[in-house]
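Here are the chains, one letter per residue:
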Amino acid sequence: MYRDQGGFEITTDSAAAAAALSAAITAFNGWKLAAMPQLDGALAADPGCAMAHAVRGLLLHLGRDARLAPQIGVNLAAAKAAPGPLTEREDLYVRALGDSLAGRLTGAITAYETILAAHPTDLLAQRLIQAELFWLGEMGWSADVSQRIAPAWNRDVPGWGLHRSCRAFDLEEIGQFDAAETMARQAVELDPTDAWGTHAVAHVMIMQGRFSEGVAWLEGLKDHWHETNQIALHLWWHRCLFHLEQGQNDAVLEIYDGWVRNRALPLVQETPDLYIDMQNGASMLLRLELLGITVGGRWEELAALAGERLDDTTSPFTAAHLAAILAAAGRFDDAQTLVANLAHFAKTESESATLAPRTAAAALPAARAAIAHRRGDFNEVIAQLLPARRLLRQIGGSHAQRDLFILLLADAARHAERADVVALTLADAREVGFSDPQTRVCQR
Ligand SMILES: [Fe+2]
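About the criteria used
Residues numbered from 1 in each chain as written. Predicted model: local features only at pLDDT ≥ 70, side-chain atom pairs only at ≥ 80, totals over all residues. Heavy atoms only, no water. Domains from an automatic or database assignment. Contact = heavy atoms within 4.5 Å. Buried area = accessible area lost by both parts, 1.4 Å probe. Salt bridge = Lys/Arg side-chain N within 4 Å of Asp/Glu carboxyl O. Axes fitted to C-alpha atoms, helices over the stretch in contact; angles between N-to-C directions. Helix = DSSP H or I, 4+ residues; strand = E, 2+ residues; numbered from the N terminus. Parallel < 35°, antiparallel > 145°, perpendicular 65-115°, else oblique. Left-handed = near helix turned anticlockwise from the far one by under 90°. Phe/Tyr/Trp six-rings, centres within 6.5 Å; stacked < 30°, edge-to-face > 60°. Lys NZ or Arg CZ within 6 Å of the ring centre and 35° of its normal. Buried < 20%, exposed > 50% of the residue type's maximum accessible area, 1.4 Å probe, protein only. Donors = N, O, S within 2.8 Å, 3.2 Å for Na, K, Ca; no water. Expected span 1.5 Å × (residues − 1). 1 Å grid on protein atoms, 1.4 Å probe; cavity = no way out; pocket = protein on both sides within 12 Å on 5 of 7 lines; lining within 4 Å. Points joined across faces, edges and corners; volume = space filled by probe spheres on them. Nonpolar A, V, L, I, M, F, W, Y, C, P; charged D, E, K, R; others polar. Core = buried A, V, L, I, M, F, W, Y, C linked by side-chain atoms within 4.5 Å.

You can read the domains of the protein as domain 1 (1-142) and domain 2 (288-444). The distance between the C-alpha centroids of domain 1 and domain 2 comes to 32 Å. Each side of the interface is counted separately: domain 1 has 13 residues, and domain 2 has 19 residues. Summed over both partners, the interface of domain 1 with domain 2 buries about 1300 Å², with 51% contributed by carbon and sulfur atoms. Three residues stand out in domain 1 for area buried against domain 2, namely Arg 64, Trp 135 and Leu 136, and they jointly supply 37% of the buried area on that side. Counting across the interface, domain 1 meets domain 2 through three salt bridges. Ionic pairing is found between Glu 138 and Arg 393, a salt bridge with its closest N-O pair at 3.5 Å.

Below you can see the structure in the form of structure tokens.
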């Protein structure tokens, strides 16, 4: 029996496997690229290591790509077949993987909560539960979890800074901006490669309208992201947001082409259609167009990738962006096929499928609205989004990301001369915490 970086037992006879798994978990917790290669190293050293299989499957599941299901299934089967007995904690991770693959995301979340009740300093469980709850739009729940485990943490526990970064992002999403910023800044001071703490501060700044400060914040930290995974590209997307809000459109396009959707970057080449990257790209192009800025042929490369995923229902927020991409590229038939597949999924999945009702309540109206907006059918945009807008949280993502659909609704309302709807979108933007909704919504 060996122990990992957090002091938790790993069931394996191989010291090399335990060391590699520990390194993999450390890398994943810190948003570093090394996570998957280290996991593969762990499994090379001990092909029967259940926890390495469980973690590998869970990381693939976080990739929100239906095409990965067979690989996840292989990891699940191997984890279940591994020689035991496993620890109770390991058993719960394997159970979380089974629930994740079956679409029972709340089952996986319950497993993480159970792990954290027994092991409140298990940063892996904190990272995983936050990721799941974030993509369900349940950041209040995530904030409850991180507050519950906080008393068990102190500076001497490995991963203290990352624990605080996770908590800071929870606090930001529930509107506790000052506490979030203080906590995240402390984490980044401890470790400037802490991309998640960096990200939490960027979120506070966009909500508070501190745009030039946001550019400076990210500029000062960008050289620390060499080993960071795709969250680095999301940080560049955040920087685009800060420039966009200041009317610095050339800077937005330069960063878009140089980072957000630079197909020459190894990070993008490896997984050109990673869900978060597709969201970043679609969201920024649409925001530019809402401001009347021409984006040229930039939709095409996104559309070629989106066209391959018309039956992917693993991420409601991504699906709505894929619909926007396909419509923007004039591929309305593909966009309608995607919507039909989402509707079928929402209707036919079992009651335990966490995403089915959320797809119906949030992803379908958002996808249909994006398509209708591209057709210039502004009354249909309003018909889709006005009744759904307060449920859109269920699509997942952050306030800053979901804001795209508030902007779409406001734009449609202006075209349709519906001042009442514009007023409601302003109220919504204010309610979720944007400091200056009038300028943000009405400048478009
Ligand atoms: Fe973000």
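Right, let's get into the packing of helix H1 (residues 15-29) against helix H7 (residues 123-134). Close contact between H1 and H7 brings their axes to 10 Å; oriented N to C, the two are set at 40°. Taken together, H1 and H7 sit at an angle that is classed as oblique. H7 is crossed by H1, and the crossing has left-handed handedness. Taken together, the residues of H7 that come into contact with H1 (itself represented by Ile 25, Phe 28 and Asn 29) are Leu 123, Leu 124, Arg 127 and Leu 128.

On inspection of all chains with the given rule, the structure shows 10 aromatic pairs. Ring centres of Trp 31 and Trp 196 lie 4.4 Å apart, and the angle between their planes is 25°; this geometry places the pair in the stacked category. With Trp 31 in the loop between H1 and helix H2 (35-45) and Trp 196 in helix H11 (residues 195-207), this residue pair connects regions lying 165 residues apart in the sequence. One aromatic cluster is present, formed by Trp 31, Phe 134, Trp 135, Phe 169, Trp 196, Tyr 275, Phe 317 and Phe 405 through successive ring pairs. Its end group placed over the ring of Trp 31, Arg 127 keeps NZ or CZ at 4.0 Å from the ring centre.

With that settled, the discussion passes to the environment of Gly 48. Within the secondary structure, Gly 48 is located in the loop between H2 and helix H3 (50-62). You can call Gly 48 partly exposed: its relative accessible area is 24%. Taking the C-alpha atoms as reference points, Gly 48 and Ala 168, separated by 120 residues in sequence, lie 37 Å from one another. Residue contacts for Gly 48: discarding those within four places in its chain leaves Ala 82 and Pro 83.

So, about the coordination of the iron ion. All of the protein donors around the iron ion are His 199 (NE2), His 203 (NE2), His 234 (NE2) and His 238 (NE2); their distances to the metal are 2.1 to 2.2 Å. All donors to the iron ion come from one chain, and their sequence spacing reads H-x3-H-x30-H-x3-H. Of this pair, His 199 and His 203 both sit in helix H11, four residues apart, roughly one helical turn. Classification of His 199 as buried rests on a relative accessible area of 2%.

For the rest of this paragraph, the subject is helix H16 (residues 275-290). In this model, H16 (16 residues) spans 22 Å end to end at C-alpha, consistent with the 22 Å of a helix rising 1.5 Å per residue. Counting buried residues along H16, 15 of its 16 residues qualify, which places the element largely inside the surrounding structure. Gly 292, located one to two residues past H16, shows a positive phi value of around 85°.

Computed from the structure, the largest pocket encloses a volume of approximately 960 Å³. Around the largest pocket sit 35 residues that line it, and Leu 59, Gly 63, Asn 229, Gln 230 and Leu 274 are the ones nearest its centre. Broken down by secondary-structure element, the contributors of at least two residues to the lining of the largest pocket are H2, H3, H7, H11, helix H13 (231-245), helix H15 (266-270) and H16. Sorting elements by how many residues they give to the lining of the largest pocket places H7 first, with four residues. Its residues assigned to classes, the lining of the largest pocket shows 19 nonpolar, eight polar and eight charged.

Helices that pack against each other are described as a pair by the angle of their axes relative to one another and the distance between those axes. Direction vectors running N to C along H1 and H2 enclose 165°, while the axes themselves pass 8 Å from each other. By the criterion of interaxial angle, the relationship of H1 to H2 is roughly antiparallel. The two elements H1 and H2 cross, and the hand of that crossing is left-handed. Here Ala 16, Ala 17, Ala 20, Leu 21, Ala 23, Ala 24, Ala 27 and Phe 28 of H1 lie close against H2, whose contacting residues are Ala 35, Gln 38, Leu 39, Gly 41, Ala 42 and Ala 45. In terms of residue class, the contact of H1 with H2 is built from 12 nonpolar, two polar and no charged.

The next point concerns empty space enclosed by the protein. Scanning the entire structure with this criterion turns up three cavities of 30 Å³ or more. Put simply, the largest cavity is a space of about 50 Å³. By residue class, the composition of the lining of the largest cavity is two nonpolar, three polar and three charged.

We now examine the nonpolar core. Among the nonpolar cores identified, the biggest contains 106 residues, and Phe 242, Met 284, Leu 288, Trp 299, Ile 325, Leu 385 and Phe 405 are the most heavily contacted of them. It is helix H18 (residues 316-328) that contributes the most residues to this core, 10 residues altogether. Looking at which domains feed residues into this core, each of domain 1 (1-142) and domain 2 (288-444) supplies at least three. Listed in part, the 58 residues of the second largest apolar core include Ile 25, Leu 43, Leu 60 and Trp 160.

Glancing now at the pattern of salt bridges. Proximity of charged atoms lets side chains of opposite charge pair with each other. Enumeration according to the criterion identifies 31 salt bridges in this entry. Residue Arg 418 pairs with Asp 420 through a salt bridge whose shortest N-O separation is 2.9 Å. On the basis of relative accessibility, which here comes to 29%, the residue Arg 418 falls in the partly exposed class. Taken together, the shared-partner salt bridges connect Asp 65, Arg 67, Asp 273, Arg 309 and Asp 312 into one network.

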